[in-house]
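# Chains, contacts and geometry: an overview
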Amino acid sequence: MNESSVDADQLLSSYDYGLPEGQIAQSPVTPRDSARLLVVEDQQRHRHQVFRDLPDLLRANDLLVLNNTRVIPARLYGQKTTGTAVEILLLEEQQRNQWLALVKPGRRLKPGSQVIFAAHQPTGISLRATVVASDEATRGRILQFEVSDGRSLLEVVDQFGQMPLPPYITGSDSEPEQYQTVYADRVGAVAAPTAGLHFTPELFNRLDEKGIQRAFVTLHVGVGTFRPVETEDIRHHQMHGEWIEVPEETVAQVRAIKANGGRVIAVGTTAVRSLEGASQSGDLRSYCGKTNLFIYPGYQWRVVDGLVTNFHLPKSSLLMLVSGLIGRERALDLYQDAIAQHYRFYSFGDAMLILPEARLTSDSSDRHQSSNSP
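Cut-offs and rules
Residues numbered from 1 in each chain as written. Predicted model: local features only at pLDDT ≥ 70, side-chain atom pairs only at ≥ 80, totals over all residues. Heavy atoms only, no water. Buried < 20%, exposed > 50% of the residue type's maximum accessible area, 1.4 Å probe, protein only. Helix = DSSP H or I, 4+ residues; strand = E, 2+ residues; numbered from the N terminus. Pairing = 2+ DSSP bridges. pLDDT = per-residue confidence, 0-100. Contact = heavy atoms within 4.5 Å. Axes fitted to C-alpha atoms, helices over the stretch in contact; angles between N-to-C directions. Core = buried A, V, L, I, M, F, W, Y, C linked by side-chain atoms within 4.5 Å. Expected span 1.5 Å × (residues − 1). Arc of directions from axis to C-beta.

## Brief notes about the pairing of strand β14 (residues 264-267)
Regular strands have side chains that alternate between both faces of the sheet. Judged by which residues are buried, β14 turns out to be covered on both faces: Val264 and Ala266 on one side and Ile265 and Val267 on the other are all buried. Direction of pairing for strand β3 (residues 63-67) relative to β14: parallel, over a ladder of three bridges. Paired with Leu63 across the bridge in β14 is Val264. As paired strands, β14 and strand β16 (residues 306-310) are joined by three bridges and run parallel to one another. The partner of Ala266 across the bridge, within β16, is Leu307.

Okay, structure coming up:
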């Protein structure tokens, strides 16, 4: 790679930062909306508030777009027929009872291997899986599951699985429902859309009173969201496709808001990828399928005006997406201030609100188009 021809915004090493381990949130705050909120007001200013202040920070006729996916207990523990312990993290269902999954120890789970899970008590339902193939892209396995009573794995996974908290959460006292948004109703994710964890029914009531509307999309969070970027030139990174649904009702709401001078505020990077992924033809359209959209600085925004988001891992595609909205140097400067102000980071951590006035425009940044279409 000829690095002299690559802009700093396109280098993986440009998205690194140091975070004290003690600022990785291990458990969520209670109540949910008491999390801290770093408000990015415009291209120069920011201030520190609390998430429950959100209704006072948005305008009547703004539209919040939220991801209504629901996390499944995707971490399963079983054993091979030889007695070897096996850990499985479900990633996505490819067809009925056939799942792409990450497995440990992977080298011992070759095609044809079987995994047996302890029968659930008191129902007596048993579960087993057979390794069908390896998946080179994720270094995972394709597993065919068999439920003793003929049901689908999704129907019984609550009886066998555990909530798949990220590996950097090592000492959490959280309850499983605390890793779900209060509006989660579309089963299928293996990680939470964490920006939405801060909302409460009471906060929604206050947003309604202010005239702030909301709409929903679905992105079943999978490996594409948290897969590490491994190429120094990030333009060579290939996002793993994730299943999204942008319904016609949401498209109509977005169009009406825009026509009336309102603004679209995405809640979380998954809502961003859903809206922008469904607009790669140039206009937002209803869409149901996969997107492998990768957003980084220079991306030409089509739908999203502002963003509610948590703080993301160094060198992650999520940090690159945020940088695509406000600029990489600005994003890293804000992260440094959040660290200095002792914000809590990652899934159970605090949040950031990027107001539309803070978004880079075509006049304030070079454009390096960075998309794959759905």
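## Quick notes on the confidence of the model for the protein
For the protein, per-residue confidence averages 93 on the pLDDT scale, and 94% of positions sit at 70 or higher. Overall, residues 365-374 carries pLDDT values under 50, and its contacts beyond four positions in sequence, including any with other chains, amount to 37 contacts.

## Section: the sheet that holds strand β17 (residues 351-354)
Reading across from one edge, β2-β1-β17-β16-β14-β3-β12-β13-β15 is the order of the nine strands in this open sheet, with mixed pairing throughout. Taken across any chain shown, the strands that pair with only one partner, and hence form the sheet edges, are β2 (46-50) and β15 (287-291). Put simply, the sheet's adjacent strands are angled 25 degrees from each other on average, direction ignored. Seen against the sheet, helix α5 (residues 248-259) touches β3, β12 (213-219), β13 (242-246) and β14 and runs at an angle of roughly 140 degrees to β12.

## Remarks on the nonpolar core
Among the nonpolar cores identified, the biggest contains 53 residues, and Tyr17, Phe345 and Ile354 are the most heavily contacted of them. Beyond its immediate stretch of four places on either side in the chain, Ile354 contacts Val40, Gly306, Leu307, Val322, Leu325 and Ile326. Counting residues in each nonpolar core, the second largest holds 29 residues, with Ala74, Leu89, Leu90 and Val156 among its members.

## Examining α5
With twelve residues, α5 should reach 16 Å at 1.5 Å per residue; the first-to-last C-alpha distance of 16 Å fits that figure. Residues of α5 that are buried include every one of Thr250, Val251, Gln253, Val254 and Ile257, and no others. What you see down the axis of α5 is that its buried residues fit within an arc of 160 degrees, all on one side. Among the exposed residues of α5, those pointing more than 90 degrees away from its buried face are Glu249 and Ala259. Residues of α5 that are buried sit in contact with β3, β12, β13 and β14. Two residues or fewer after α5 comes Gly261, characterised by a positive phi angle close to 80 degrees.

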